[in-house]
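# Examining the three-dimensional arrangement
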Amino acid sequence: MNKALYEELKKGIDPSWIRRVLQEMILIRSENPFHDPPETGFREKEMADYLADRMSGHGLRVEQREVRPSRPNVFGYIDGAGGDVTLMLAGHIDTARTAGYPDAYESKFEDGKIYGRGACDMKAALAAYLAVVKALNEAGCKLRGNLIVCGNMDEEFQMLGSKAIGRDGPRADHGIIGEPTGLQVCPSNKGRVSTKIITRGRAAHSSVPEQGVNAIVAMARIIRAFEDYNDELLSRPPHPLCGHGRFTPGVIRGGVQVNTVPDFCELEVDRRTLPGENRESVYVEFRRRIEKARAEDSTLAYEITEPTWLIAPNDISPKEPVVEALRRAHVAVYDRDPGVQAFPAAADAPYMGFPTVICGPGSIAQAHTTCEFVELEEVVDAAKIYLHAVLDLLG
Ligand SMILES: [Zn+2]
């Protein structure tokens, strides 16, 4: 690690330039379209074009790979002078929805904070990545290893962008994703399995309920079967960073009108999973609990649907070179070792196909809210941390 080179290149990181670029990106409405085609207001493609223009302006070879029509991943490449190590700096170009957020696209700057949808989740990290490649290019710095800057689509829904990278490349040896962690270094995060449990009964007039089978009453038995599930999860040995798995029944629907015995009820449940847990292991636990209730009431008819959300946990070794490089970078910028933590939310990291750590500016507390912001100073620090890690791993 060439400290003098870092100190020199660091001077090329310009806060007012970062601020301008981040505000320009917030103005690009790139909400995830979820099930709909990408129309006005859901313009991941314009974010990809913006990044492509900026990156080619800073000397990167640029490529867009369409994952869905008009919904590409974008990559910028700096080929190293002979090293065979590749680092990818990745960030999603879609944002959460903006319903109930009237000034989502005003892109204000006040009291050192940049406001707007995508400010911290996660256009701030994309702006920091661009600041790094700008600094490298302007100084004519030649790296030994290869650097890829990636803007991937669809993180906020099905993570199709990162899954495409995992399947078809490009490959890297190390990955960093700048989701908002307050610049903490997060090699692990929980995953998520959400699904619907459905009970079926037989409709009848409420004057003769004995002629029907009540699906809501059946669901009550199932809900009771999960009553001590969180206690059981808490009694298991914790993951060193992620802690324990958690379970929440979140939505219930059933019944048609009050004077009819309901023949249908569905319960949406959310299970946060630890590294080592997956769809199959979770479904086994669900069935075991419901079957116990069914042993007491053989009329209980239920089904568990395919997952409505299925996101893998991430768990790379805290000893991975990219984790250690980020910790050293943190020391260089803040003069203290941040250690490692779990990222509280789910993200693209487990799908990339190579060890990927999450570390980025801003707080998850502001992500997805109707007052999203990031401190400019933290974005500038992020750029310094990424620059240091790039030189450390590829210099
Ligand atoms: Zn995000």
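Residues numbered from 1 in each chain as written. Predicted model: local features only at pLDDT ≥ 70, side-chain atom pairs only at ≥ 80, totals over all residues. Heavy atoms only, no water.

Once that is clear, we can look at the overall build of the protein chain. Scanning the protein chain from terminus to terminus reveals 10 helices and 19 strands. Taken over the C-alpha atoms alone, the protein chain extends approximately 85 × 45 × 40 Å along its principal axes. Here the protein chain holds 395 residues, and 54% of them are scored as buried. Split by element, the accessible area of the protein chain, about 16,800 Å² in all, is 49% carbon and sulfur. (Helix = DSSP H or I, 4+ residues; strand = E, 2+ residues; numbered from the N terminus. Buried < 20%, exposed > 50% of the residue type's maximum accessible area, 1.4 Å probe, protein only. Areas by Shrake-Rupley, 256 points an atom, 1.4 Å probe, with all protein chains shown as cover.)

As a further point, take the state of the cysteines. With the rule as written, the count across this model stands at zero disulfides. Take Cys 120: it sits in no disulfide, and the sulfur closest to it among the cysteines is that of Cys 371, at 10 Å. With relative accessibility at 0%, the residue Cys 120 sits in the buried group. (Disulfide = S-S within 2.5 Å.)

Turning our attention to the packing of aromatic side chains. As enumerated under the stated definition, the model contains 12 aromatic pairs in all. Three or more aromatic residues joined by ring pairs form one cluster here, namely Phe 226, Tyr 229, Phe 247, Tyr 283 and Phe 286. Here the basic side chain of Lys 113 rests over the ring of Phe 373, its NZ or CZ set 5.5 Å away from the ring centre. Above the plane of the ring of Tyr 334 lies Arg 336, whose end atom (NZ or CZ) is 5.2 Å from the centre. (Phe/Tyr/Trp six-rings, centres within 6.5 Å; stacked < 30°, edge-to-face > 60°. Lys NZ or Arg CZ within 6 Å of the ring centre and 35° of its normal.)

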